[in-house]
Amino acid sequence: MSEEGEKVGIVVISYGSRAAAVIDAFCRSEDYDARVYVADKQRNPFNVAHAEKHVVIPDLDVGKICDFVEANKDALDFGICCPEKPIIAGLRDLVERTTGVPMICPTKQYAIEVSKAAQRQLIENCCPEANPRFKVFHRSAYTHAGEAKDAVWSFLDEIGNEVAVKPDRPAAGKGVGVWGDHFTTREQLFDHFWSIFESGSDVLIEEKLVGEESSFQAFCDGHRLVALPDTRDYKRAFDADLGPNTGGMGSYKDREDWLPFLSHQDREEEERLVQKLFTALRGDGENEGLRGIPFYVAFMHTREGAKILEINSRPGDPEIQNILPVLENDFVDLCFRMIHGTLSRVECAKHATVVTYAVPMDYGDFRRTYSGDRKVDLSRAYALKERYGDDLRIYPGSMELRADGSTYALGSRTVCTVGIGQTIEEAREKSLEGIRAIDGALWNRWDVGARHYIERSIRRMKELRGN
Ligand code: AMP
Ligand code: GLY
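The following refers to the structure shown. Note that this is a predicted model, so its numbers are computed, not measured. (Residues numbered from 1 in each chain as written. Chains lettered and ligands numbered in written order. Predicted model: local features only at pLDDT ≥ 70, side-chain atom pairs only at ≥ 80, totals over all residues. Heavy atoms only, no water.)

With that out of the way, let us pick up the pattern of salt bridges. Inspection of the entire model under this criterion finds 43 salt bridges. For R224, the salt bridge goes to D221, with nearest N and O atoms at 3.9 Å. Across the pair R465 and D266 runs a salt bridge whose closest N-O atoms are separated by 2.6 Å. Residue R465 is located in helix α15 (residues 451–465), and its partner D266 is located in helix α9 (residues 264–282); the two are separated by 199 residues in the primary sequence. (Salt bridge = Lys/Arg side-chain N within 4 Å of Asp/Glu carboxyl O. Helix = DSSP H or I, 4+ residues; strand = E, 2+ residues; numbered from the N terminus.)

What follows deals with the packing of helix α6 (residues 116–126) against α9. For the pair α6 and α9, the least separation of the axes is 9 Å and the interaxial angle reads 100°. On the basis of their axis angle, the class for α6 and α9 is roughly perpendicular. Contact with α6, carried on its side by L122, I123 and C126, involves K276, L277, A280 and L281 of α9 and no other residues of that element. Split into classes, the residues belonging to the contact of α6 with α9 amount to six nonpolar, no polar and one charged. (Axes fitted to C-alpha atoms, helices over the stretch in contact; angles between N-to-C directions. Parallel < 35°, antiparallel > 145°, perpendicular 65-115°, else oblique. Contact = heavy atoms within 4.5 Å. Nonpolar A, V, L, I, M, F, W, Y, C, P; charged D, E, K, R; others polar.)

Moving on, we come to the site of ligand 2. All residues adjacent to ligand 2 are D233, G247, Y296, N312, R314, G316, D317, P318 and E319. A distance of 3.1 Å is found between a nitrogen atom of ligand 2 and a backbone nitrogen or oxygen belonging to G247. Contacts to ligand 2 include R314, whose side-chain N or O atom sits 2.9 Å from an oxygen atom. Across the complex, the protein chains shield 93% of the 200 Å² of accessible surface that ligand 2 would expose by itself. A breakdown of the residues in the shell around ligand 2 according to their chemical character gives two nonpolar, three polar and four charged. (Near = heavy atom within 4 Å. Polar contact = N/O pair within 3.5 Å; in protein donor to acceptor, adjacent residues only side chain to side chain. Areas by Shrake-Rupley, 256 points an atom, 1.4 Å probe, with all protein chains shown as cover.)

Moving on, we come to the site of ligand 1. Near ligand 1, the surroundings consist of 15 residues, among which K166, E206, L209, E213 and E310 are the closest. Here an oxygen atom of ligand 1 and a side-chain polar atom of K116 are 3.5 Å apart. N245 places a polar side-chain atom, nitrogen or oxygen, 3.4 Å from an oxygen atom of ligand 1. Bound to the protein, ligand 1 loses 95% of the 470 Å² it would expose on its own. Breaking the shell around ligand 1 down by element, the ones donating at least two residues are β7 (163–167), β9 (203–207) and β18 (305–312).

This next bit is on the environment of E425. With respect to the secondary-structure elements, E425 resides in helix α14 (residues 424–436). Between the C-alpha atoms of E425 and A450, which are 25 residues apart in sequence, the distance is 6.8 Å. Setting aside residues no more than four positions away along its own chain, E425 makes contact with G449 and R451.

This next bit is on the packing of aromatic side chains. The final tally for this structure, using the stated rule, is 21 aromatic pairs. Centre to centre, the rings of F46 and Y395 are 5.8 Å apart; their planes meet at 85°, and the pair counts as edge-to-face. One end of the pair, F46, is in helix α2 (residues 45–50); the other, Y395, is in strand β21 (residues 392–396), with 349 residues separating them in the sequence. Ring centres 6.2 Å apart and planes at 55° place the aromatic pair F238 and F366 in the tilted group. (Phe/Tyr/Trp six-rings, centres within 6.5 Å; stacked < 30°, edge-to-face > 60°.)

Okay, the side chain of S17 next. Relative to the assigned elements, S17 resides in helix α1 (residues 17–27). Here Y357 takes part through its side chain, which lies 3.1 Å from a polar atom of the side chain of S17. Side-chain polar atoms of S17 contact the backbone oxygen of Y395, separated by 2.8 Å. Once residues within four sequence positions are removed from consideration, S17 is found in contact with D317, Q321, Y357, Y395, P396, G397, V415 and C416.

As a further point, take the sheet that holds strand β10 (residues 211–216). Strand order in this open sheet of three strands is β10-β17-β18, and the pairing throughout is antiparallel. The two strands at the open ends of the sheet, each matched to only one other strand, are β10 and β18. Between one strand and the next, the sheet's axes are offset by a mean angle of 25°, whatever the strand orientation. Pairing analysis gives seven bridges linking strand β17 (residues 296–302) to β18, with the strands arranged antiparallel. Within β18, the residue paired with F299 across the bridge is I308. α15 rests against β10 and β17 of the sheet, and its axis sits at about 115° to β10. (Pairing = 2+ DSSP bridges.)

So this is what it looks like as structure tokens:
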């Protein structure tokens, strides 16, 4: 921050490490003196330390967030929302209408994750080549389980058993069951299907996509969409992609905008597909409702080309932590451009980054229960700054600063470390060095960005493409 930087007030809606990375990017602004007001799920120690004002709103209720913005509106220039829940609940609409403070996130109408069925329909209309075969099963259409089972099995007769079964409603990637991974018989598949019905959601059954995943993100000002470098998320709990799906155990980014197992052309194809979705929603002119990161797109690169797994209207966690630390634009300036409709180039340093999450014992079924101490001490990890400087970032997520001055892990992903390097391997070493320096009963994947893992992705893509 420069001495003479213009003072700017920013409200950040925080959930997870992603928000700490966003706040860090604001506080590192060289053009502005950013004052951050945080509406947080809990007393995140990083956010508390960096905030001008900090309020805890455990359920992230939009009414309460709006009250916080209203109470501080004279000091605020804009806001940014990181998690999807308040976006889905219409945070931007409410805050802008009530307080006049512009928010960086889509309006309620464009909270695309609200329905996976609607997403599939949109893709079907814009770029059907990116859809797997799918069918939506509405809870209200069936009076009893036997009737639903007949309908499911009849669809399986049509497309085969190799499918994914997922809730229509958002479930943070955790309600998805995949044939071969989560079930191997039709009866098991139906049990999963029925448990989703019982949770109150409609169900999507879609063809199982086989290939390699990438995460695509783009900033948007309503006029244009500016793509960010691709990242690879590690969704499964354990090494070698075993175990249940999680919110994401880590992710890597290569030096270039595309991933080591993809080509420049694959990346252009991703951009072409997302641009079609954007154009369909934007129309000919502009659509301010799409401001922020309206399309976080999880792609599966298959034998038949790039297919869309899912779309969210907010930054990826951990994927945005791969990007913000190497963003060359001033992030405050970039946000003003998104608000004013003057977004142009977004530049990232040609560095590789690796994010690794450390999570509690009882996360991702690592242990069924954990009744031990949840104290976490990050001081040795922070001390690595002496060796690595800005090439290692430590972003607390689901952890809490308590009155005793210590920090404790809560239930979700506790803290991530971001390593930055000339190669993925170098970035990974720094990230893992940060992880090893954390004192606390946490665990993590060791293979995020590992050479053998990336080589396997390269091999698989070659096999799929027959070269
Ligand atoms: P989603 O919440 O839809 O992104 O699903 C979470 C994860 O489940 C994805 O990252 C994939 O690993 C897996 N998944 C979802 N849909 C499919 C599919 N059609 N085929 C194979 N895997 C899938
Ligand atoms: N890492 C997956 C997501 O943000 O949706």
